[in-house]
Amino acid sequence: MAPRILINGARGRMGQALASSAKELGLVVTGEVDASDDLAAAVANADVIIDFSSHQATKAVLDVAIARKKAVVIGTTGHSAESKKELLALAARTPCVWAGNFSVGVNLLFALTRRAARVLGSDYDAEVVEMHHRFKKDAPSGTATRLLEIILEERKLTAAALRHGRAGITGERTAAEVGIHALRGGDVVGEHTVMFAALGERLELVHKASDRGIYARGALRAAEWVVSQPSGVYDMQDVLGLK
Ligand code: NAD
């Protein structure tokens, strides 16, 4: 049976995309909640909460989901590494899909980035460039953060290797650094480029989103999938069977 869905952050760009994609797909939305609405009251009629709101709301969403035994899909980004660690430990107490990006194309980009980093090795300088609309509140994007995590894992580097933009007398680039550059402007839905540059050649993996419906449809697919899973934290690779 189709799960009953509650959207948290319903008046935002993603909240509205979720409501219209759910309608197109014939899915049942039983609650649309935004800041200052009562999430705990609204959740009674739902099987799963889909949250695309603010990183400050995630703890309250998880508390409600755990207390009421509801599944949850977290799409919100912008958590600090420390707070994300604590929230993931909490999220494991209920069936939860947590993903910085719900698009199928981007999830394939994650897999291709891992493969490229492994095959090309540290002689190929890795840089990530992302661009989003002028309204985005956090940087780098959750997707760029995941791409960087993959590169760091493959290169056996820590977050200390990251260079957020460069300015001034930086010295020559070393193999033990990974650059990240966040561009903001206009109405760009989301673009990510992973670059591997060596002496004599450069490989670029590029993903461009032109409609936030891709994230909404992925999150709805995750919601349908997660309601029949045991408690634990899953990602889009689990939902898509890419593992
Ligand atoms: P937005 O600013 O358009 O909408 C956010 C909405 O959340 C607003 O209506 C706001 O009033 C509401 N909100 C704020 N605090 C709240 C609270 N405590 N409880 C309930 N609602 C609250 O932003 P957006 O573009 O829709 O993005 C929302 C989040 O989703 C951001 O973190 C963004 O980075 C993320 N996002 C993730 C993906 C993905 O695939 N994972 C894709 C797009 C956006």
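Treat the numbers as computed from the prediction; the structure is a model and nothing was measured.

The next thing to look at is the overall build of the protein. When its secondary structure is counted, the protein shows eight helices and 11 strands. Expressed along its principal axes, the backbone C-alpha trace of the protein runs to roughly 60 × 35 × 30 Å. Counting over 243 residues, the protein shows a buried share of 46%. Of the accessible surface of the protein, which amounts to about 12,300 Å², a share of 53% is contributed by carbon and sulfur atoms. With 30 positive and 28 negative side-chain charges, the protein shows a spacing of 2 Å between the two charge centroids.

Time to look at the sheet that holds strand S9 (residues 190-198). Reading across the sheet, the five strands line up as S7-S8-S6-S9-S10 and stay open at both edges, with mixed pairing between neighbours. Of all the strands in the sheet, just strand S7 (162-164) and strand S10 (201-209) have a single pairing partner and so form its edges. The mean angle between the axes of side-by-side strands here comes to 15 degrees, regardless of whether they run parallel or antiparallel. In terms of strand pairing, S7 meets strand S8 (residues 178-184) through three bridges, oriented parallel. Opposite Leu 162, over in S8, you have Val 178 as the bridge partner. Strand contacts of helix H5 (residues 104-120): S9 and S10, with the helix running at about 170 degrees to S10, the strand carrying the most contacts.

With that out of the way, let us pick up the domain arrangement of the protein. Looking at the protein, the domain boundaries give domain 1 (4-102 + 212-239) and domain 2 (104-209). At the junction of the two partners, domain 1 supplies 12 residues and domain 2 supplies 15 residues. Area buried by domain 1 at its contact with domain 2 is led by Arg 13, Asn 101 and Gln 237, which between them contribute 41% of it. Taken together, domain 1 and domain 2 are joined by zero salt bridges. On the surface where domain 1 and domain 2 come into contact, there are five residue pairs in polar contact (both at pLDDT 80 or more). Of all the secondary structure elements, the ones that give two or more residues to the side of domain 1 that touches domain 2 are helix H7 (213-226) and helix H8 (236-240). Considering every element that reaches the side of domain 1 that touches domain 2, the biggest residue donor is H7, with three residues. Split into classes, the residues belonging to the side of domain 1 that touches domain 2 amount to four nonpolar, five polar and three charged.

Moving on to the nonpolar core. Counting residues in each nonpolar core, the largest one holds 29 residues, and the members touching the most others are Leu 18, Ile 50, Val 73 and Phe 102. Going through the elements one at a time, strand S1 (4-8), helix H1 (13-25), strand S3 (48-51), strand S4 (71-74), H7 and H8 are the ones with two or more residues in this core. Broken down by element, the residue count for this core peaks at seven residues, all from H7. Setting aside residues no more than four positions away along its own chain, Leu 18 makes contact with Ile 7, Ile 50, Phe 52, Ala 216, Ala 219 and Leu 220. The next biggest cluster of nonpolar side chains, apart from the first, holds 22 residues, and it includes Val 106, Tyr 124, Leu 147 and Val 178.

Conventions and cut-offs
Residues numbered from 1 in each chain as written. Predicted model: local features only at pLDDT ≥ 70, side-chain atom pairs only at ≥ 80, totals over all residues. Heavy atoms only, no water. Helix = DSSP H or I, 4+ residues; strand = E, 2+ residues; numbered from the N terminus. Buried < 20%, exposed > 50% of the residue type's maximum accessible area, 1.4 Å probe, protein only. Areas by Shrake-Rupley, 256 points an atom, 1.4 Å probe, with all protein chains shown as cover. Lys, Arg positive; Asp, Glu negative; His and termini not counted. Charge placed at Lys NZ, Arg CZ, Asp CG, Glu CD. Pairing = 2+ DSSP bridges. Axes fitted to C-alpha atoms, helices over the stretch in contact; angles between N-to-C directions. Contact = heavy atoms within 4.5 Å. Domains from an automatic or database assignment. Buried area = accessible area lost by both parts, 1.4 Å probe. Salt bridge = Lys/Arg side-chain N within 4 Å of Asp/Glu carboxyl O. Polar contact = N/O pair within 3.5 Å; in protein donor to acceptor, adjacent residues only side chain to side chain. Nonpolar A, V, L, I, M, F, W, Y, C, P; charged D, E, K, R; others polar. Core = buried A, V, L, I, M, F, W, Y, C linked by side-chain atoms within 4.5 Å.

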